[in-house]
Amino acid sequence: MATKHEQILQYIDELPVGEKISVRQIAKALTVSEGTAYRAIKEAENKGYVSTIERVGTIRIERKKKENIEKLTFAEVVNIVDGQVLGGRDGLHKTLNKFVIGAMKLEAMMRYTDAGSLLIVGNRTQVHEFALKAGAAVLITGGFDTDDSVKKLADELQLPIISSSYDTFTVATMINRAIYDQLIKKEIVLVEDILTPVEETICVKTTDKIYDWLKYNRETQHSRFPVIDKNSKVVGMVTSKDIMGHDPSTPIDKIMTKNPMTVGRKTSVASSSHMMVWEGIEVLPVVDDSNRIEGIISRQDVLKALQMIQRQPQVGETIDDIVTNQLVLTSGKTKGEDIYGCDVTPQMTNHLGTISYGVFTTIVSEAASRVLRNYKKGDLVVENMTIYFLKPVQIESTLAIYPKVLEVGRKFGKVDVEVFNEGILVGKAMMMCQLIER
């Protein structure tokens, strides 16, 4: 039996795209309290099929697919540019394919403007009208208004007309930045991308006995299972270590490990891998907000995903990508005594024009990671870092980085890193890394 919360989510999901939603309306339709309705709407918003727009309200929008993440809806554009909707509110849930900057003659502009475009233009009423007829939405810059006839046309065609007080250049930059940020997010692999769903997972119930575990073990060759109660909530984990030396008729809840570590669907795979290595866990249950089981992820799944990420061409570059691309091996004498070079570009500096603390940290950790990979094939997680000192380094300097491996164990590595600029020591750090074997 689904809970009230789940019933509301299902109700919202089945609403047509573009439908307006209010707390009061849902509370009335499903006879629930307004608090329960509000919580469900918030979750639907987090899951990406509802959007709240200022001065418009909450509407059901198209759920974004992972591959389609760089497509913005007109509703998101309104939020990005602090816009005001002048007409065509019913079309805010639609996605835009491209945006056209209207800084040319009308005929030339119309050649570029087609259905699904967003035309960014000033106070040119005739252009607004032609764009709508071509199936494009309009974003008026400079805070200008438009004619009532144009607003009426926008309502009829369900194509938004948005007004923003920013100028054209600023608006285009803001939208570009938003698309770029979404491209970076697209590259982050989440638990929901790799989990084994609950239907394909065997869970042990608290009422089961050890002989049930033995049966599952024979069937699947697995030795670790999540333990769930009658409401499907995760209450423990049971492994071969737990059952050793116990009578086969012993109930599972007497020998299981209680309150196991769990992750949510939106947890990144990178932080899950850190949990698994740090705690020595092979399997993690994936749960929803109410701690109900949604699936599991194994150490193998996580490592496979991390290796895939490294092979992906980056679409949106983060500051870390920019820094690590600058880091080049200048000479490798003997094993573990590599020297790296790195040019300090304008992007790597702070407001004083010297290397920023965050960039220095990235350079040090990347150099240490690379030198440790010569010893161990696999991934590693920085456990802690001590920066002893850092002197100001000017823009456009070239750094020489000397990472020196102090010791390498089966599970960890310790590296000392010295950074020189023109022969002078400008930074020194020590790092401890956890090694994840493949």
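Calculation criteria
Starting from 1, residues in each chain are numbered consecutively following that chain's sequence as written. In keeping with the model being predicted, local features are shown solely for residues with a pLDDT of at least 70 and side-chain atom pairs are shown and tallied solely at 80 or more, while totals for entire chains, interfaces and linings include all residues. Based on all heavy atoms of the structure, the side-chain values leave hydrogens and waters out of the count. Buried Ala, Val, Leu, Ile, Met, Phe, Trp, Tyr and Cys residues form a nonpolar core when they are joined through side-chain atoms within 4.5 Å. Throughout this description, buried means an accessible area under 20% of the type-specific maximum (1.4 Å probe, protein chains only), exposed means over 50%, and partly exposed covers the range between. Helix and strand definitions here come from DSSP, where helices need a minimum of 4 consecutive H or I residues and strands a minimum of 2 consecutive E residues; each element is numbered from the N-terminal end. The contact criterion used is simple: two residues touch if any of their non-hydrogen atoms lie within 4.5 Å. The rule for pairing is simple: two strands pair if DSSP sees at least two bridges between them. By definition, a salt bridge exists where a carboxyl oxygen of Asp or Glu is found within 4 Å of a side-chain nitrogen of Lys or Arg. Computed over the protein atoms alone on a 1 Å grid, cavities are sets of points where a 1.4 Å probe fits but cannot get out and pockets are open sets with protein on both sides within 12 Å along at least five of seven lines; a residue lines them when it has an atom within 4 Å of a point. Grid points are joined across faces, edges and corners, and a volume is the space filled by probe spheres set on the points. Only Asp, Glu, Lys and Arg are considered charged in this grouping, and only Ala, Val, Leu, Ile, Met, Phe, Trp, Tyr, Cys and Pro are considered nonpolar; every other residue, Gly among them, is considered polar. Only centres within 6.5 Å qualify two rings of Phe, Tyr or Trp (six-membered ring in Trp) as a pair; their planes then separate them into stacked at under 30 degrees, edge-to-face at over 60, and tilted for everything else. Every angle, taken between N-to-C directions, lies between 0 and 180 degrees, and every axis is a line fitted to C-alpha atoms, over only the stretch in contact when it is a helix. Here is the rule for angles: anything less than 35 degrees is roughly parallel, anything more than 145 is roughly antiparallel, 65 through 115 is roughly perpendicular, and the remaining ranges are oblique. Crossing handedness is defined as follows: a turn of the near helix away from the far one that is anticlockwise and smaller than a right angle gives a left-handed crossing, while the clockwise case is right-handed. UniProt positions are given in the numbering used here, feature names are shortened, and annotations may be inferred rather than shown by experiment. As used here, the arc is the angular range of directions from the helix axis to the C-beta atoms.

- As recorded by an unreviewed UniProt entry, the protein carries the name CBS domain-containing protein and is attributed to Cytobacillus praedii.

### Quick notes on the nonpolar core
Alright, step 1. Counting residues in each nonpolar core, the largest one holds 29 residues, and the members touching the most others are Ile-363, Leu-399, Ile-401 and Val-419.
Alright, step 2. Of all the elements in the fold, those that place two or more residues in this core are strand 17 (338–343), helix 16 (357–373), strand 18 (378–390), strand 19 (398–408), strand 20 (412–421) and strand 21 (424–437).
Alright, step 3. No other element matches the eight residues that helix 16 contributes to this core.
Alright, step 4. Not counting residues within four places of it along the chain, the set of residues in contact with Leu-399 comprises Tyr-340, Gly-341, Cys-342, Val-344, Ile-355, Ile-363, Val-393, Val-419, Phe-420, Asn-421 and Val-426.
Alright, step 5. One finds Phe-74, Val-85, Leu-96 and Val-171 within the second-largest nonpolar core, a separate group that totals 18 residues.

### Here's the deal with the pairing of strand 12 (residues 234–238)
Alright, step 1. Burial runs high along strand 12: four of the five residues are buried.
Alright, step 2. Across four bridges, strand 11 (residues 225–228) lies against strand 12 in antiparallel orientation. Its bridge partner lying in strand 12, Pro-226 is registered against Met-237.
Alright, step 3. Counted along the chain from strand 11 to the antiparallel partner strand 12, the turn is five residues long, and its residue Ser-232 has a positive phi close to 65 degrees.

### Some thoughts on the pattern of salt bridges
Alright, step 1. With the rule as written, the count across this model stands at 15 salt bridges.
Alright, step 2. The salt bridge partner of Glu-282 is Arg-299, with a shortest N-O separation of 3.6 Å. Within this pair, whereas Glu-282 is found in the loop between helix 13 (269–279) and strand 14 (283–287), its partner Arg-299 is found in helix 14 (residues 299–311), the two being separated by 17 residues in sequence.
Alright, step 3. One salt bridge connects Arg-292 with Asp-288, and the closest N-O pair in it is separated by 3.6 Å.
Alright, step 4. Connected via shared salt-bridge partners are Glu-6, Asp-288 and Arg-292.

### Structural notes on empty space enclosed by the protein
The method is simple in principle: a probe with the dimensions of a water molecule rolls over the atoms, and the space it marks as empty is what remains.
Alright, step 1. Going through the model one piece at a time under the given rule, you end up with two cavities of 30 Å³ or more.
Alright, step 2. Approximately 40 Å³ is the volume found for the largest cavity.
Alright, step 3. Forming the walls of the largest cavity are Ser-273, Met-276, Val-277, Arg-299, Val-302, Leu-303 and Ile-436.
Alright, step 4. Contributing elements (two or more residues each) for the lining of the largest cavity: helix 13 and helix 14.
Alright, step 5. Here the residues of the lining of the largest cavity are counted per class, giving five nonpolar, one polar and one charged.

### Remarks on the packing of aromatic side chains
Alright, step 1. If you walk through the whole model with that rule in mind, you get three aromatic pairs.
Alright, step 2. A centroid spacing of 5.3 Å and a plane angle of 80 degrees characterise the contact between Tyr-402 and Phe-420, whose relative ring orientation is edge-to-face. Here Tyr-402 is found in strand 19, whereas its partner Phe-420 is found in strand 20, with 18 residues between them in sequence.
Alright, step 3. On the accessibility criterion, Tyr-402 (34% relative accessible area) is partly exposed.
Alright, step 4. An aromatic cluster of at least three residues, connected via ring pairs, comprises Trp-213, Tyr-216 and Phe-225.

### So, the sheet that holds strand 14
Within a sheet, neighbouring strands are paired by backbone hydrogen bonds and run either parallel or antiparallel to one another.
Alright, step 1. If you trace the three strands from one edge of the open sheet to the other, you get 9-15-14, paired in antiparallel fashion. For this open sheet the edge positions go to strand 9 (196–197) and strand 14, each flanked by a neighbour on one side alone.
Alright, step 2. Bridge count for strand 9 against strand 15 (residues 293–298) is two bridges, and the pairing is antiparallel. Paired with Thr-196 across the bridge in strand 15 is Ile-296.

### Observations regarding the packing of helix 6 (residues 125–133) against helix 7 (residues 148–157)
Alright, step 1. Direction vectors running N to C along helix 6 and helix 7 enclose 15 degrees, while the axes themselves pass 10 Å from each other. Between helix 6 and helix 7, the angle is such that the two are roughly parallel. Note that helix 6 runs across helix 7; the crossing there is left-handed. On helix 7, the residues that touch Thr-125, His-128, Glu-129, Leu-132 and Lys-133 of helix 6 are Val-150, Leu-153, Ala-154 and Leu-157.

### Some details on unusual backbone geometry
Alright, step 1. Phi angles above zero are rare outside glycine, and Ser-232 is one such case at about 65 degrees.
Alright, step 2. Checked against the element boundaries, Ser-232 lands in the loop between strand 11 and strand 12.
Alright, step 3. With relative accessibility at 29%, the residue Ser-232 sits in the partly exposed group.
Alright, step 4. Positive phi values are uncommon outside glycine, yet Asn-259 reaches one of about 45 degrees.
Alright, step 5. On the secondary structure map, Asn-259 appears in the loop between strand 13 (257–258) and helix 13.

### Examining the UniProt feature "domain: CBS" (unreviewed entry) in the protein
Alright, step 1. As recorded in UniProt, the feature "domain: CBS" (unreviewed entry) lies at residues 195–254 and 256–314.
Alright, step 2. Between the first and last C-alpha atoms of residues 195–254 the distance is 28 Å; the span itself is 30% helix and 22% strand.

### What about the environment of Gln-10?
Alright, step 1. When you line up the elements, Gln-10 lands in helix 1 (residues 4–13).
Alright, step 2. A relative accessible area of 47% means that Gln-10 is categorised as partly exposed.
Alright, step 3. When the C-alpha atoms of Gln-10 and Ala-44 are compared, they prove to be 9.5 Å apart, with 34 residues separating the residues in sequence.

### Regarding helix 6
Alright, step 1. For helix 6, the full list of buried residues reads Val-127, His-128, Ala-131 and Leu-132. In an axial view of helix 6, the angular spread of the buried residues amounts to 130 degrees, which keeps them on one side of the axis. Residues Gln-126 and Lys-133 are exposed on helix 6 and point more than 90 degrees away from its buried face.
Alright, step 2. Residues of helix 6 that are buried make contact with helix 5 (106–112), strand 6 (117–121), strand 7 (137–140), helix 7 and strand 8 (161–163).

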